[in-house]
Amino acid sequence: MSSNPLNVNEDEIAKFEKVASQWWDLNGDFKPLHLINPLRVQFISQHIALENSNTDANNGFFDKKFVDVGCGGGILSESLAKLGAKVTGIDMGTEPLNVAKLHALESNLIINYQKITAEEKAQESANTFDVVTCMEMLEHVPDPASVIQACSTLVKPGGLVFFSTLNKSIKSYLLAILAAEKLLKIVPDGTHDHDKFIRPSQLIGWAEHSGLKCIDACGIHYNPLTGNHKLYDSLDVNYILCCRKL
């Protein structure tokens, strides 16, 4: 396992800087993220409810400290804050963070946005957060294992860490790149690199080496042709994991 405080791909940062103004355009380049975000929140809420031994997931968010790693323009961060969580959002993109700060202000939400890497944040805030989320970020950094290690360091013992990314499969190439980028132009061409996609077994292995135990895994189904989206059993394209720090 590695810990790389400068774990940043400048080309990836520039890519998201360029389209930052569209982050909250429900029909823009980030439309797929807006569509799957309720599914991510649903998955997180289910596990928060289990942690609190009740069926009202929302109660479990109040006064819990969350850090959203690779928060971008703040789509997930705002959803968590609206449920009562105390949210810190971190990213290395200046423009996405500016967009996130402005939108939070317009939404009357208090979110602590910081320009800092996960590794640097882990050095200053070890064992601080009840929950860590790292969504659609691992495939955009040079060393995803380093980010996973940082997420483990950030969360309190017994706390939860959520990861979501894309499986390195033929189906993910066909749907996420060929269909969504090349043919339908739903997201900008070049958003994803199939070589950087991560198989679930590899991600779980990295998590285990970082002191995290995977306790649940679920697929996120998004059909770019129909816009249909749902949680389902297969991890063949987009998937989300819930891990607990040992």
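Throughout, residues of each chain are indexed from 1 in the direction in which the sequence is written. Reporting in this predicted model follows two pLDDT cut-offs: at least 70 for local features of residues, and 80 or more for side-chain atom pairs to be given and counted; totals over whole chains, interfaces and linings ignore these cut-offs and use all residues. Hydrogens and waters are ignored; side-chain quantities use all the structure's heavy atoms.

You'll find the protein chain entered in an unreviewed UniProt entry as Ubiquinone biosynthesis O-methyltransferase, with Colwellia psychrerythraea given as the organism. UniProt positions are given in the numbering used here, feature names are shortened, and annotations may be inferred rather than shown by experiment. Comment text from UniProt for the protein chain, heading Sequence similarities (unreviewed entry), reads "Belongs to the methyltransferase superfamily. UbiG/COQ3 family." Within the UniProt record for the protein chain, the comment given under Pathway (unreviewed entry) is "Cofactor biosynthesis; ubiquinone biosynthesis."

Asker: Give me the packing of helix α6 (residues 144–154) against helix α8 (residues 200–209): which residues, what numbers.
Answerer: Pairs of packed helices are described in terms of their axes, by the angle between the two and the distance that separates them. Axis geometry follows a simple rule: fit a line to the C-alpha atoms, using only the stretch in contact for helices, then measure angles between N-to-C directions, giving values from 0 to 180 degrees. A run of H or I in DSSP counts as a helix once it spans at least four residues, and a run of E counts as a strand once it spans at least two, with each numbered from the N terminus. Viewed as axis vectors pointing N to C, α6 and α8 meet at an angle of 45°, and their least axial separation amounts to 9 Å. Looking at the two axes, α6 sits oblique to α8. Along this stretch, α6 crosses α8, giving a crossing that reads as right-handed. Where α6 abuts α8, its residues Pro144, Ala145, Ile148 and Gln149 lie against Leu203, Trp206, Ala207 and His209. Angles below 35 degrees are treated as roughly parallel, those above 145 as roughly antiparallel, those between 65 and 115 as roughly perpendicular, and all remaining angles as oblique. In this scheme, a crossing is called left-handed if the near helix is turned counterclockwise away from the far one by less than a right angle; it is called right-handed if the turn is clockwise. Whether two residues touch is decided by their heavy atoms; if any such pair falls within 4.5 Å, the residues are in contact.

Asker: An account of the pairing of strand β3 (residues 111–115) is requested, with residue identities and associated values reported.
Answerer: Whether two strands pair depends on DSSP finding at least two bridges between them. With 5 bridges joining them, strand β2 (residues 86–91) and β3 adopt parallel strand pairing. Within β3, the position partnered with Thr88 by the bridge is Asn112. One crossover worth recording links β2 to the parallel β3 by way of helix α4 (residues 94–106), and it is right-handed. By definition, the crossover connecting two strands over a helix is right-handed if that path, from the first strand to the second, turns clockwise as seen with the strands pointing away from the viewer.

Asker: An account of the packing of helix α2 (residues 31–51) against helix α3 (residues 75–82) is requested, with residue identities and associated values reported.
Answerer: Direction vectors running N to C along α2 and α3 enclose 45°, while the axes themselves pass 10 Å from each other. In terms of orientation, α2 lies oblique with respect to α3. In this structure, the crossing between α2 and α3 has a hand that is right-handed. Here α2 contributes Leu33, His34, Asn37, Arg40, Val41 and Ile44 to the contact with α3, which in turn contributes Ile75, Leu76, Ser79 and Leu80. Per-class residue counts for the contact of α2 with α3 are 6 nonpolar, 3 polar and 1 charged. Any residue outside Ala, Val, Leu, Ile, Met, Phe, Trp, Tyr, Cys, Pro, Asp, Glu, Lys and Arg is labelled polar, Gly included; the first ten of those are nonpolar and the last four are charged.

Asker: A description of the pairing of strand β1 (residues 65–69) should follow, citing residues and the corresponding values.
Answerer: Burial status follows relative accessibility: with a 1.4 Å probe on protein chains alone, a residue under 20% of its type maximum counts as buried, one over 50% as exposed, and anything between as partly exposed. Of all the 5 residues making up β1, 4 are buried; the element is thus mostly covered by neighbouring parts of the structure. With 5 bridges connecting them, β1 and β2 associate as parallel partners. Bridge pairing in β2 places Val69 opposite Ile90. Since β1 and β2 lie parallel, the crossover through α3 that links them has a hand, and here it is right-handed. Bridge analysis of β1 against strand β4 (residues 129–135) gives 4 bridges, and the strand direction is parallel. Looking at the pairing, Asp68 lines up with Thr133 of β4.

Asker: Describe in detail the UniProt feature "binding site: S-adenosyl-L-methionine" (unreviewed entry) in the protein chain, supporting the description with residues and values.
Answerer: Per the UniProt record, "binding site: S-adenosyl-L-methionine" (unreviewed entry) is found at Arg40, Gly70, Asp91 and Met135. Within the secondary structure, Asp91 is located in strand β2. The exposure class assigned to Asp91 is buried, which follows from its relative accessible area of 13%. Residues in contact with Asp91, not counting those within four places in the same chain, are Gly70, Cys71, Gly72, Leu97, Gln114, Lys115 and Ile116. Throughout this description, a polar contact denotes any pair of N or O atoms lying within 3.5 Å of each other; where both atoms belong to protein, one of them has to be capable of donating a hydrogen while the other can accept it, and for residues adjacent in sequence the pair is counted only when both atoms sit in side chains. A distance of 3.4 Å separates the side chain of Asp91 from the backbone nitrogen of Cys71, its partner in a polar contact. Checked against the element boundaries, Met135 lands in strand β4. Sequence-distant contacts of Met135, defined by excluding residues within four places in its chain, comprise Arg40, Ile44, Val69, Gly70, Leu76, Phe162, Phe163, Ser164 and Ile240.

Asker: Account for the environment of Val161, with residues named and values stated.
Answerer: With respect to the helices and strands, the residue Val161 is situated in strand β5 (residues 155–166). Ignoring any residue separated from it by four or fewer positions in sequence, one finds Val161 in contact with Val132, Cys151, Val155, Leu212, Leu241, Cys242 and Cys243.

Asker: Which residues make up a nonpolar patch on the surface, and what values go with them?
Answerer: By definition, no residue in a patch forms a salt bridge, and every one has over 30% relative accessible area; like charges are joined within 9 Å, nonpolar side chains (Val, Leu, Ile, Met, Phe, Trp, Tyr) within 5 Å. Residue burial considers only the protein chains on display, and all accessible areas are found by Shrake-Rupley using a 1.4 Å probe. Note on definitions: salt bridges are taken to be side-chain nitrogens of Lys or Arg within 4 Å of carboxyl oxygens of Asp or Glu. Together, Ile170, Leu174, Leu178, Leu183 and Leu184 make up a nonpolar patch on the protein surface, roughly 470 Å² of accessible area in all. Relative to the helices and strands, Leu183 resides in helix α7 (residues 170–183).

Asker: Can you explain the nonpolar core? Please cite residues and give values.
Answerer: Most often, soluble globular proteins keep nonpolar side chains buried together rather than apart. We call a set of buried Ala, Val, Leu, Ile, Met, Phe, Trp, Tyr and Cys residues a nonpolar core when their side-chain atoms join them within 4.5 Å. Ile44, Phe61, Phe66, Leu80 and Phe162 are the most contacted members of the largest nonpolar core, which has 32 residues in total. Of all the elements in the fold, those that place two or more residues in this core are α2, α3, α4, β3, β4, β5, β6 (212–222) and β8 (238–245). Per element, the largest residue contribution to this core is 6 residues, and it comes from α2. Setting aside residues no more than four positions away along its own chain, Phe61 makes contact with Ile44, Ser45, Ile48, Phe66, Leu80, Leu83, Gly84 and Ala85.

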